[in-house]
Amino acid sequence: MESRNTNFLQFLKMKISSPLTILFLLFLLQQTLLSAMADIQLIKNTCKGTPSSSLCLKILLADPKSQNADLTGLALIGVDAVNNKGLEILKQIVALKESRPELGPALDHCAEVYHAVVDADVPSSRDALRSGMAMFAEHGMVDSAVEAQGCEGSFGEHGNTSPMTGSNNAMIDVANVVRAIVHILLQ
């Protein structure tokens, strides 16, 4: 077994030491680096066209698929971020219902609108992007932001101060960033 490993290493050294092999490996490394830089540049350029470049970068770079994604792929990653934010907020609503039962009517409304986000807006936006109908995906992201505003407003309508302002604003921000990414597809 040891002699087989030694023979393989000698073979490998001979192959790698040839000038042609070294040039090929350098070319391969250069192409890989250029491709990675081009992908990062697409992400940066895309994020420049959104209301919050830093939030956009945070969303897209958090997903390893962004490194090889085209613009539609980046929009789909953004839609997934809206979905994840919606699911996170739905968990928050459940916890608030237990700890703050006096907020029941407003929280019920919030649960309803956030279910609309994750059960309707997100799936229709995904489908629209996958079928090349970006305009409908943009509508879904606009609606996600409107739903978050509706949740926030429901507390005032019931004479309460919202304990969800930070979460609702976060959803509005994420949905607006993703809407802007989708809008780039329409240009």
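Whatever comes next refers back to the structure up there.
Residues numbered from 1 in each chain as written. Predicted model: local features only at pLDDT ≥ 70, side-chain atom pairs only at ≥ 80, totals over all residues. Heavy atoms only, no water.

Visitor: Go over the overall build of the protein, please, and point to the residues and values.
Guide: Summing up its helical and strand segments, the protein has seven helices and zero strands in all. Starting at the N terminus and ending at the C terminus, the protein contains elements arranged as α-α-α-α-α-α-α. For the protein, the residues scored as buried account for 37% of the 187 residues in total. Restricting to contacts in the protein with at least 6 residues of sequence separation, those with at least 24 account for 68%. Accessible surface, the protein: about 10700 Å² in total, of which carbon and sulfur atoms supply 61%. (Helix = DSSP H or I, 4+ residues; strand = E, 2+ residues; numbered from the N terminus. Buried < 20%, exposed > 50% of the residue type's maximum accessible area, 1.4 Å probe, protein only. Contact = heavy atoms within 4.5 Å. Areas by Shrake-Rupley, 256 points an atom, 1.4 Å probe, with all protein chains shown as cover.)

Visitor: So what's going on with the side chain of serine 66? Which residues, and what values?
Guide: Within the secondary structure, serine 66 is located in the loop between helix H3 (53-61) and helix H4 (71-99). Engagement of the side chain of serine 66 in a polar contact is seen with the backbone oxygen of aspartate 63, the distance being 2.8 Å. When neighbours within four sequence positions are excluded, serine 66 is seen to be in contact with Ile43, Leu60, Leu61, Leu74 and Ile77. (Polar contact = N/O pair within 3.5 Å; in protein donor to acceptor, adjacent residues only side chain to side chain.)

Visitor: Give a description of the nonpolar core that names residues and reports values.
Guide: Ranked by internal contacts, the top residues of the largest apolar core, which has 47 residues, are Leu60, Val82, Ile93, Tyr114, Leu129, Phe155 and Met164. In terms of residues, this core owes the most to one element, H4, which gives 12 residues. (Core = buried A, V, L, I, M, F, W, Y, C linked by side-chain atoms within 4.5 Å.)

Visitor: Please set out a nonpolar patch on the surface residue by residue, giving values where relevant.
Guide: Taken together, the side chains of Met133, Met135, Phe136 and Leu186 make up a nonpolar region of the molecular surface, amounting to roughly 360 Å² of accessible area. Inspection of the secondary structure puts leucine 186 in helix H7 (residues 165-186). (Patch = residues over 30% accessible without salt bridge, like charges linked within 9 Å, V, L, I, M, F, W, Y side chains within 5 Å. Salt bridge = Lys/Arg side-chain N within 4 Å of Asp/Glu carboxyl O.)

Visitor: Give a detailed account of H4, specifying residues and quantitative values.
Guide: When the terminal C-alpha atoms of H4 are compared, their 42 Å separation across 29 residues agrees well with the 42 Å that a helix rising 1.5 Å per residue should span. The N-terminus of H4 is capped by aspartate 70, whose side-chain oxygen sits 3.3 Å from the backbone nitrogen of threonine 72. (Expected span 1.5 Å × (residues − 1).)

Visitor: Give me the lowdown on H3, citing residues and values where you can.
Guide: Listed as buried for H3 are Leu55, Cys56, Ile59 and Leu60. Down the axis, H3 shows its buried residues gathered within 125° of arc, on one side only. Facing away from the buried surface of H3 by more than 90 degrees, the exposed residues are Ser54 and Lys58. (Arc of directions from axis to C-beta.)

Visitor: Outline the pattern of salt bridges, listing residues and values.
Guide: Counted by the stated rule, this structure contains six salt bridges. Here lysine 85 makes a salt bridge to glutamate 88, at a shortest N to O gap of 3.3 Å. With lysine 85 and glutamate 88 both in helix H4 and three residues apart, the pair spans about one turn of that helix. Take glutamate 88: its relative accessible area is 47%, and that puts it in the partly exposed class. Across the pair arginine 179 and glutamate 138 runs a salt bridge whose closest N-O atoms are separated by 3.4 Å. One end of the pair, arginine 179, is in helix H7; the other, glutamate 138, is in helix H6 (residues 134-157), and 41 residues separate them in sequence.

Visitor: Any chance you could break down the state of the cysteines for me, citing the residues and the numbers?
Guide: For the structure on display, the rule yields two disulfides. Disulfide pairing places cysteine 47 opposite cysteine 56 at an S-S distance of 2.1 Å. Linking cysteine 47 and cysteine 56, the disulfide has an S-S dihedral of approximately -70° and is accordingly described as left-handed. Accessibility classification places cysteine 47 together with cysteine 56 in one group, the buried group. The disulfide partner of cysteine 110 is cysteine 151, and the S-S distance across this bridge is 2.0 Å. Taking the sign of the torsion about the S-S bond as the criterion, the disulfide between cysteine 110 and cysteine 151, at about 95°, is right-handed. On the criterion of sequence distance, the pair formed by cysteine 110 in helix H5 (residues 104-130) and cysteine 151 in helix H6 is long-range, its members being 41 residues apart. Classification of cysteine 110 by relative accessible area gives buried; the value is 0%. Looking at the protein, its bonded cysteines, counted consecutively from the start of the sequence, adopt the pairing 1-2, 3-4. (Disulfide = S-S within 2.5 Å.)

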